[in-house]
Amino acid sequence: MSETSKLLEKWLKAEEFIIVGKSIDRVDAIDKVTGKAKFMEDYTIPGMLYAKIVMSNEAHAKIRMINLEHALKIPGVVRIITAKDIPGENQAGYALPDQPLLAEGKVRYHGEPIAIIVAENPEAAVIAASELNIEYDPLPTLLDPLESMNRRDILIHEETGSNIAFTTKVRRGDVSKGFQKSDVIVENEYKTQHQEHLYLETEGALAIPEIGGTYTVMSCAQYPHLAQAITARILGLPTNKIRIIQPYIGGGFGGKDDTGPLVAAQAALASHLTGKPVLLIYSREESFRIHCKREQSIIRYKSGATANGILTAIDVKIIMDAGAYANRGPFILWRATMHASGPYYVENAKVDGYCVYTNKVYQGSFRGFGNPDIQFAVESQMDEIAKELGLDPLDVRLKNILKPGMTTMTGQLLDESVGVGKALMMLAEKADWRKKRKMYENEKGRYRKGIGLACGWHGISTSRGVPDWSNAIVKVSKDGGVEVYTGITEIGQGTPTTAHVQIVSEILGIPLEYITIHFGTTDAPDTGATHASRGASIGAIGVLIAAAKVRERLATLASEILQCNPEELKFENGKIYSKNDPEKSLKWKDLVNEAFNRGVELSSTGYFYLPKGKFDHEIGQGYAYPAYSYIINIAEVEVDMETGIVKVTRMWPAIASGRIINPKAVEGQIEGAIAQGIGLALMEKVEFDNKGAIINPNLTDYIVPTAMDMPKVEKPIFVEDLFRYGPFGAKGVGEMALIPTPAAIANAVAHAIGKRIFELPLTPEKVYFKIMEGRICQK
Amino acid sequence: MALFYQIPKLNYHKPKNLNEALKLLKELGDAKPIAGGTDLMVDMKIGRVKTRNLIDISDLREIRKIEFHKDSIIIGAAVTLQEIINNERIRREIPILVEAAENLGSWQIRNVATIGGNICNASPAADMAPPLLILNSKLKLSSINGDRVIPLEKFFKGPRQTELMVDELLTEIIVPRESCNAGMKFIKIGRRRAHTLSIVAVAVAVRTMEDKIEYVRIALNSIAPTPIRAYKTEEELIGSRVNEVEGKVKKLIEEIKPISDVRSSAEYRREMAVKITIDALKMSIENWRCKEK
Ligand SMILES: Cc1cc2nc3c(=O)[nH]c(=O)nc-3n(C[C@H](O)[C@H](O)[C@H](O)COP(=O)(O)OP(=O)(O)OC[C@H]3O[C@@H](n4cnc5c(N)ncnc54)[C@H](O)[C@@H]3O)c2cc1C
């Protein structure tokens, strides 16, 4: 076993903790509530220029001409940048190299960036952007993925020969045999919608030319090293010329994982071509129109089960609207495909996925990453099976739930860390599920209660054999101060300001004030992105290992000084002492000083490469993810049968995501995810007109839940099903509670009104007409 | 600094008193009064309103007052919605205004948004319009040449179009005391539980005598180009028995013209207009009975 693996295992097996598992306040809390914390807009530089994006007003068109002359004459305008000015490669695609930074030759969605205006003041940039003359030759547009996937006469990317960007598949057993064995078959079509991230702070970047032909880009990206790589590619420079740093970020949710790096590249491009610092911040409307959205999905789902509720087969077809560019679409589809069984055992499975180009704003990362869509289908199916069989939906789930030692639908053995069954039982008990489920069945009045249950699971790390690693630098100064460099970002979730400081504090036994985390920067080694719920799990392994290496060295030194065995040493409260003889003790600061005097290195990296297996695309079987986090939500709703208005009254969450490093931080993530899930379930939807333009790109028309829409969220149940590679066994939390929220609410609504709606969001209107369906028309 | 949009250069005037404001309005010719600015600033940002002169009327003492007279209650146009909510006498004597105000926007908005601005903006979705309509409110429109008083029903001409002349200011909203003597209810359906524009809202005022409706006022928003009184439905209801209201309110469908938009389909608006009118009627009747006791 390597040194790093040994260190991981040592701390995984730790039995006592000083600060891990405690609800400490995040170290940025005071600054944030007092308004001291600085965000992009708070940074200005003398002589800085302002950039503004010119967006396409066509969804699919050839760009015949861009006439700069008039706009360049507007006083204050310094430069107008188009694709042909890009010194490097005009390529910003993620999964596939299909996406330009600035449209070249043609536009593929309404809102696509075409040019960057750079001006001495924002007013000039705004005027020039509205007056830039662009002439188009419109092409026929494809907005419906179902149509687009069957058309070859209109191609959104000509070079591909098809509008299907990517396909996925899983095959296990024999589904037709599975259906033959079943006593009941349930088959339905589910639809989910485009959702907007709606971060409080829109995208932005500030690019500053520095000495030696380098650039510092203050960026809002969720992955500084990706922002660096894309910026370098656009500028035609090696990555070492680009340094990414970040201020506090006002929310990311995945949108800034995808669009953040592009905005960094746009600002850097403007800075490179003008030689001046450039600030680029998207307005709310620009943010709406330009950046990726949660994908729209159409899911056809057929399940078979025996009379006592055991799943015998599933046959699933997933069609996702990729929008104009592949971006993360293939990965989102892949994730949805691999999670298509839900956290259940099923012997026969057939899943096919299609990621389809259309002329709409492209899809992208959004908390849950394809999983809320598919779990909405899975968990609705579970309830429908229960209904057909006259069983309690809880029992149908318990009969099929994954347990340690079982294999997933892709044939992967789950040898550890499967706490979902336990969490489900505990949660049902806590919510008094069986009693409420029966009681609400008999509601007769105008306001009817319902209770619904949904499970979710979420693969940890990147999929298949796609490399994933962690890293960080820890360095200790002579006075005992500790600095950590990590690429993990602070986007409101608080990972660097809770979990990371706690990990370092725990391992080195020092107070929080001794520790500073430098986050979101390429000054740190590549740490991977702050996405996929990995900041405090995979993303923090590096922090743990780097700190643990320093501790080992200090322990050896201390044992020499104190004349004892390093294994009997405790590091606590800035002191190092022998647990057998507490008299033998040293102050942290003195020990550090000794290390400097005696030549012991107190800086370290924490590289760790995650061991993985392989997935065989031909046979649709294999290794999908190193482990899964699990989540269960029980939702209670009250439906006004006369208006269709759904009020979510209570939510009970349970999570099995390994070690909980900071319970309060996790509760915050759960509550936030539930709020966003309620938005997806009940009200949020990006609407397009028949030309592909978003018709609600503002806060008047696009609505998200308010504090008044939030239910009472009960304290979560934690099942700490440790994951062998997680720091102290942590698996990841950030996305989890969103995943089953739409399904739990939809199930509760179906329970309350006695009918199911298969399409999100469950607006008052949709619920009302569903209730009225079949009733005599009174008009 | 406006980073994201451009508002053409304009002159900002802050008159010291009403008279000065009216003079300016006359002299400048193309000026726009600004009260809370919660509608106007948005309109200027999106370019729906273009003006070279703004006259700030938010601090004019003469129109930021609430007076209780023998026959009427006078609410100055520049009174903010939060001031209405906080006014104990309004809460006691015209609770329906408080109900409507509490449902409008958010606390931050209500702290600056004025009742006059809500009416003068003449949005089809104006939430203060239905309660003021059922209260038979009158508006005092003032110019440097004098005042005129018109009923609120006559004020709305279309979406964002009113009876106001360019040199006129809405100065007072006059609520006749006798209109307050009724059972009332305001109901609004929105897309979420707070901070939402209406899909449809209704205000109802009722008096009954021996289980028969002897006085009724119904007004709605978001189902026509302007907020409207439902005259035909009112007529239908007069004299009918309390237990017959449900059937009679069906008449409403004939006098509303809802459209489909981002917030709702026309069909849903139509059905909800009827439902909440029935609900509001029943609750108003209940409120009237309590009041009579
Ligand atoms: C976030 C948000 C939420 C909102 N929610 C709601 C809601 O739920 N329901 C709702 O009805 N509205 C809502 N509004 C709209 C708005 O807040 C209200 O209509 C408000 O009452 C307008 O008042 P104001 O003082 O801000 O008007 P202003 O914006 O100052 O003025 C509006 C218009 O009226 C004119 N005007 C103002 N006062 C006078 C006067 N005394 N004489 C002549 N003309 C005048 C102005 O010139 C302008 O044309 C919302 C607005 C925002 C920004």
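Up top is the structure these notes are about.
So, how was this worked out
- Residues numbered from 1 in each chain as written.
- Chains lettered and ligands numbered in written order.
- Predicted model: local features only at pLDDT ≥ 70, side-chain atom pairs only at ≥ 80, totals over all residues.
- Heavy atoms only, no water.
- Helix = DSSP H or I, 4+ residues; strand = E, 2+ residues; numbered from the N terminus.
- Rg over C-alpha atoms; globule rule 2.2 N^0.38 Å.
- Buried < 20%, exposed > 50% of the residue type's maximum accessible area, 1.4 Å probe, protein only.
- Contact = heavy atoms within 4.5 Å.
- Areas by Shrake-Rupley, 256 points an atom, 1.4 Å probe, with all protein chains shown as cover.
- Lys, Arg positive; Asp, Glu negative; His and termini not counted.
- Charge placed at Lys NZ, Arg CZ, Asp CG, Glu CD.
- Buried area = accessible area lost by both parts, 1.4 Å probe.
- Salt bridge = Lys/Arg side-chain N within 4 Å of Asp/Glu carboxyl O.
- Near = heavy atom within 4 Å.
- Polar contact = N/O pair within 3.5 Å; in protein donor to acceptor, adjacent residues only side chain to side chain.
- Nonpolar A, V, L, I, M, F, W, Y, C, P; charged D, E, K, R; others polar.
- Pairing = 2+ DSSP bridges.
- Phe/Tyr/Trp six-rings, centres within 6.5 Å; stacked < 30°, edge-to-face > 60°.
- Lys NZ or Arg CZ within 6 Å of the ring centre and 35° of its normal.
- Axes fitted to C-alpha atoms, helices over the stretch in contact; angles between N-to-C directions.
- Parallel < 35°, antiparallel > 145°, perpendicular 65-115°, else oblique.
- Left-handed = near helix turned anticlockwise from the far one by under 90°.
- Arc of directions from axis to C-beta.

Draft legend 1. Quick look at the overall build of chain A. Within chain A, the secondary structure is distributed over 21 helices and 31 strands. Against the compact-globule benchmark of 28 Å for 779 residues, chain A has a radius of gyration of 27 Å, which places it among compact chains. Along the three orthogonal principal directions, the C-alpha set of chain A runs to about 90 × 70 × 50 Å. Residues classed as buried in chain A amount to 64% of the 779 residues present. Restricting the contact set of chain A to residue pairs at least 6 apart, pairs at least 24 apart contribute 81%.

Draft legend 2. How the structure looks around the overall build of chain B. Scanning chain B from N- to C-terminus turns up 13 helices and 14 strands. Expected size for 293 residues packed as a compact globule is a radius of gyration near 19 Å; at 19 Å, chain B falls within 12% of this value. On the principal axes, the C-alpha backbone points of chain B span a range of 60 × 45 × 30 Å. Among the 293 residues that make up chain B, the fraction classed as buried is 56%. At a minimum sequence separation of 6, the contacts of chain B that also span at least 24 residues come to 61%. Accessible surface, chain B as shown: approximately 13,000 Å² in total, 50% of it carbon and sulfur. Taken as two groups, the 48 positive and 39 negative side-chain charges of chain B have centres that lie 3 Å from each other.

Draft legend 3. Fine view of the interface of chain A and chain B. With 32 residues of chain A at the interface, the matching set in chain B holds 23 residues. When chain A packs against chain B, the two sides together hide about 2,700 Å² of surface, and 61% of this comes from carbon and sulfur. Counting the contacts that link chain A with chain B gives two salt bridges. The partner of K275(B) in a salt bridge is E642(A), and the shortest N-O contact between them spans 3.1 Å.

Draft legend 4. Structural context of the site of the ligand. Residues and elements named next belong to chain B. The local shell around the ligand holds 31 residues, among which P33, G36, T38, D39 and T114 are the closest. Between L170 and the ligand, the recorded distance is 2.9 Å, taken from a backbone N or O atom to a nitrogen atom. Contact distances for the ligand include 3.2 Å between an oxygen atom and a side-chain N or O atom of K188. Relative to its free-state accessible area of 980 Å², the ligand is covered by the protein chains to the extent of 90%. Listing elements by their share of the shell around the ligand, those giving two or more residues are β2 (32-34), α7 (115-120) and β10 (169-176). A breakdown of the residues in the shell around the ligand according to their chemical character gives 17 nonpolar, 10 polar and four charged.

Draft legend 5. Structural view of unusual backbone geometry. Of note, the bond from L760(A) into P761(A) is cis; its omega dihedral lies within 30 degrees of zero at -10 degrees. Within the secondary structure, P761(A) is located in the loop between α20 (741-753) and α21 (764-772). One non-glycine residue, E210(B), adopts positive backbone phi at about 45 degrees. By the secondary structure assignment, E210(B) is in the loop between β12 (198-209) and β13 (212-221).

Draft legend 6. Structural view of the pairing of strand β13 (residues 296-305) of chain A. Residue and element names in this part refer to chain A. Counting buried positions along β13 gives seven out of 10 residues, so the element sits mostly inside the fold. Here strand β8 (residues 184-192) runs beside β13; their pairing, made up of nine bridges, is antiparallel. Each residue of the ladder has a partner; that of E189, found in β13, is R300. As defined by bridge partners, β13 adjoins strand β14 (residues 311-323) across 10 bridges and the pair is classed as antiparallel. What sits directly across from I298, in β14, is I319. Connecting β13 to the antiparallel partner β14 that follows it, the hairpin turn spans five residues, and G309 within it adopts a positive phi of roughly 95 degrees.

Draft legend 7. Up close: the packing of aromatic side chains. All names here are of chain A. Per the stated rule, a full pass over the model turns up 22 aromatic pairs over all chains. Geometrically, the ring pair formed by F723 and Y725 is edge-to-face, given 5.8 Å between the ring centres and 90 degrees between the ring planes. Among the aromatic residues, ring-to-ring pairing joins W334, W457, F615, Y625, Y628 and Y630 into one connected group. The side chain of K38 reaches across the aromatic face of Y43, ending 5.1 Å from its centre. Of note, R464 hangs over the ring of W334, and the distance from its end group to the ring centre comes to 4.3 Å.

Draft legend 8. Representation of the packing of helix α13 (residues 393-400) of chain A against helix α14 (residues 420-431) of chain A. Residues and elements named next belong to chain A. Two elements in contact, α13 and α14, have axes whose closest approach is 10 Å; the angle formed by their N-to-C orientations is 160 degrees. In terms of orientation, α13 and α14 fall into the roughly antiparallel class. Considering only the axes of α13 and α14, their crossing is left-handed. In this structure, α13 contributes L394, R397 and L398 to the contact, and α14 contributes G421, L424, M425 and A428. Its residues placed into classes, the contact of α13 with α14 shows five nonpolar, one polar and one charged.

Draft legend 9. Molecular detail of α13(A). All names here are of chain A. Listing the buried residues of α13 in full gives P393, L394, V396, R397 and N400. Down the axis of α13, the buried side of the element spans an arc of 165 degrees, and every buried residue falls inside it. Where α13 is buried, its residues touch β14, α12 (371-389), α14, α15 (433-441), β16 (447-459) and α20. Among the residues of α13, the N-terminal cap falls to D392, whose side-chain oxygen and the backbone nitrogen of L394 are separated by 2.8 Å.

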